[in-house]
Amino acid sequence: GPKVLQIPSHQIIDMGQMVTLNCDPVSNHLYFYWYKQILGQQMEFLVNFYNGKVMEKSKLFKDQFSVERPDGSYFTLKIQPTALEDSAVYFCASSPDRGFEQYFGPGTRLTVL
Amino acid sequence: TQTVSQSDAHVTVFEGDSVELRCNYSYGGSIYLSWYIQHHGHGLQFLLKYYSGNPVVQGVNGFEAEFSKSDSSFHLRKASVHWSDSAVYFCAVSASTGNYKYVFGAGTRLKVIA
């Protein structure tokens with residue numbers, strides 16, 4: 001079936017540094033999402049994105065977070081600066097339209113030291 | 001506010017057994033209910049979804065789920081499990097208006113003993 005790719009699979013960085021997580025969504029999908037899963041906890045919604053804009057963000061989407069998808073390339077999540085509590089697995093998802101099932105990538109495990 | 005409760009963190013069954021994974025939700029409006037499976041080291045894979053109509057929905061690999069409005073439940077079932085069904089299963093709710101973000105349950109880890 002359709003696949004969402006995420007690059008890198010693992011990222012280790014020092015606190016305070018910037019990190020960019022990349023997502024290659026399913027082609028022709030229009031809606032994009034980021035979710036965060038801290039080890040042992042449930043997955044939580046961060047943000048969704050449509051037509052070049054953030055549509056909704058949760059309280060977990062701090063001011064240090066930003067998303068973009070320049071010119072139909074990767075859908076990215078940037079964290080600048082990172083904090084220890086940002087350590088988690090970040091999942092990207094895309095869907096062809098609202099109300100359709102979301103297709104998830106394998107996740108990027110971010111470790112902030 | 002939507003909430004999703006998966007009461008069993010771990011379920012262990014033998015291969016060939018039937019299994020039911022429970023999901024209860026709370027939400028006041030019209031919603032989509034979905035189940036996803038996550039094998040270790042992989043992303044979530046869609047199993048099935050309910051919005052309206054027949055309360056029993058069929059999914060991939062022999063899974064089905066039944067919606068109950070009175071119980072606010074959407075339990076997942078399989079008549080005969082295989083060892084490859086061992087994974088974490090997530091129930092998710094999304095409102096049928098707005099941006100359709102998922103609210104996930106905590107997940108149920110299913111272990112199938114061969």
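Scroll up a little and you will see the structure.
Residues numbered from 1 in each chain as written. Chains lettered and ligands numbered in written order. Predicted model: local features only at pLDDT ≥ 70, side-chain atom pairs only at ≥ 80, totals over all residues. Heavy atoms only, no water.

1. Remarks on the overall build of chain B
1) Next: Counting secondary structure elements, chain B contains zero helices and twelve strands.
2) Next: When the helices and strands of chain B are read in sequence order from the N terminus, they spell out β-β-β-β-β-β-β-β-β-β-β-β.
3) Next: Against the globule reference of 13 Å for 114 residues, chain B gives a C-alpha radius of gyration of 14 Å, in line with a compact fold.
4) Next: Along the three orthogonal principal directions, the C-alpha set of chain B runs to about 45 × 30 × 20 Å.
5) Next: Put simply, chain B has 114 residues, and 46% of those count as buried.
6) Next: For chain B, the share of sequence-separated contacts (at least 6 apart) that also reach a separation of at least 24 residues comes to 56%.
7) Next: On chain B, the mean spot of the 8 positive side-chain charges and the mean spot of the 8 negative ones are 9 Å from each other. (Helix = DSSP H or I, 4+ residues; strand = E, 2+ residues; numbered from the N terminus. Rg over C-alpha atoms; globule rule 2.2 N^0.38 Å. Buried < 20%, exposed > 50% of the residue type's maximum accessible area, 1.4 Å probe, protein only. Contact = heavy atoms within 4.5 Å. Lys, Arg positive; Asp, Glu negative; His and termini not counted. Charge placed at Lys NZ, Arg CZ, Asp CG, Glu CD.)

2. Remarks on the sheet that holds strand S8 (residues 75-79) of chain A
Sheets are built from strands that pair by backbone hydrogen bonding, the pairs being arranged parallel or antiparallel.
Residue and element names in this part refer to chain A.
1) Next: The four strands are arranged S1-S3-S8-S7 in an open sheet whose pairing can be described as antiparallel. Edge strands, defined here as strands with exactly one partner in the open sheet, are strand S1 (5-7) and strand S7 (65-68). Averaged over all adjacent pairs, the angle separating strand axes in this sheet is 20°, with direction ignored.
2) Next: Strand direction decides the pairing type here: S1 and strand S3 (residues 19-24), joined by three bridges, are antiparallel. (Pairing = 2+ DSSP bridges. Axes fitted to C-alpha atoms, helices over the stretch in contact; angles between N-to-C directions.)

3. So, the state of the cysteines
1) Next: For the coordinates displayed, the defined rule picks out two disulfides over all chains.
2) Next: Sulfur-sulfur distance for the disulfide between Cys 23 of chain A and Cys 92 of chain A comes to 1.9 Å. Because the torsion about its S-S bond is -65°, the bridge between Cys 23 of chain A and Cys 92 of chain A counts as left-handed. Of this pair, Cys 23 of chain A sits in strand S3 while Cys 92 of chain A sits in strand S9 (residues 88-95); the two residues are 69 residues apart in sequence, bridging distant segments of the chain.
3) Next: Each disulfide pairs two cysteine sulfurs, and for Cys 23 of chain B the partner residue is Cys 91 of chain B, the sulfurs being separated by 2.0 Å. Given an S-S torsion of about -65°, the disulfide between Cys 23 of chain B and Cys 91 of chain B has left-handed geometry. Of the two residues, Cys 23 of chain B is situated in the loop between strand S3 (19-21) and strand S4 (24-26) and Cys 91 of chain B in strand S10 (residues 87-95); the sequence distance between them amounts to 68 residues.
4) Next: On the basis of relative accessibility, which here comes to 0%, the residue Cys 91 of chain B falls in the buried class. (Disulfide = S-S within 2.5 Å.)

4. Quick look at the layout of surface pockets
1) Next: The computed volume of the largest pocket comes to approximately 720 Å³.
2) Next: When contributions to the lining of the largest pocket are tallied by element, the ones reaching two or more residues are S9 of chain A together with S10 and strand S12 (108-113) of chain B.
3) Next: Per-class residue counts for the lining of the largest pocket are ten nonpolar, 15 polar and two charged.
4) Next: One number sums up the size of the second largest pocket: a volume of about 520 Å³.
5) Next: For the second largest pocket, the lining is made up of 24 residues, of which Pro 2 and Lys 3 of chain A together with Leu 44, Gln 45 and Phe 46 of chain B are closest to its centre.
6) Next: For the lining of the second largest pocket, the secondary structure elements donating two or more residues are strand S10 (103-104) of chain A together with strand S6 (44-50) of chain B.
7) Next: Ranked by residues supplied to the lining of the second largest pocket, first place goes to S6 of chain B with four residues.
8) Next: Partitioned by chemical class, the residues of the lining of the second largest pocket number twelve nonpolar, nine polar and three charged. (1 Å grid on protein atoms, 1.4 Å probe; cavity = no way out; pocket = protein on both sides within 12 Å on 5 of 7 lines; lining within 4 Å. Points joined across faces, edges and corners; volume = space filled by probe spheres on them. Nonpolar A, V, L, I, M, F, W, Y, C, P; charged D, E, K, R; others polar.)

5. Let's talk about the packing of aromatic side chains
Residues and elements named next belong to chain A.
1) Next: By the definition in use, this model includes 22 aromatic pairs over all chains.
2) Next: Ring geometry for Tyr 31 against Tyr 50: centres 4.3 Å apart, planes inclined by 10°, an arrangement best described as stacked. Of this pair, Tyr 31 sits in strand S4 (residues 31-37) while Tyr 50 sits in strand S5 (residues 44-50), and the two are 19 residues apart along the sequence.
3) Next: For Tyr 31, a relative accessible area of 5% translates into the label buried.
4) Next: Assessed through its relative accessible area of 28%, Tyr 50 is described here as partly exposed. (Phe/Tyr/Trp six-rings, centres within 6.5 Å; stacked < 30°, edge-to-face > 60°.)

6. Structural notes on the environment of Leu 77 of chain A
1) Next: Looking at where Leu 77 of chain A falls in the secondary structure, it is placed in strand S8.
2) Next: Counting along the chain gives ten residues from Leu 77 of chain A to Val 67 of chain A, while the straight-line C-alpha distance between them is 4.7 Å.

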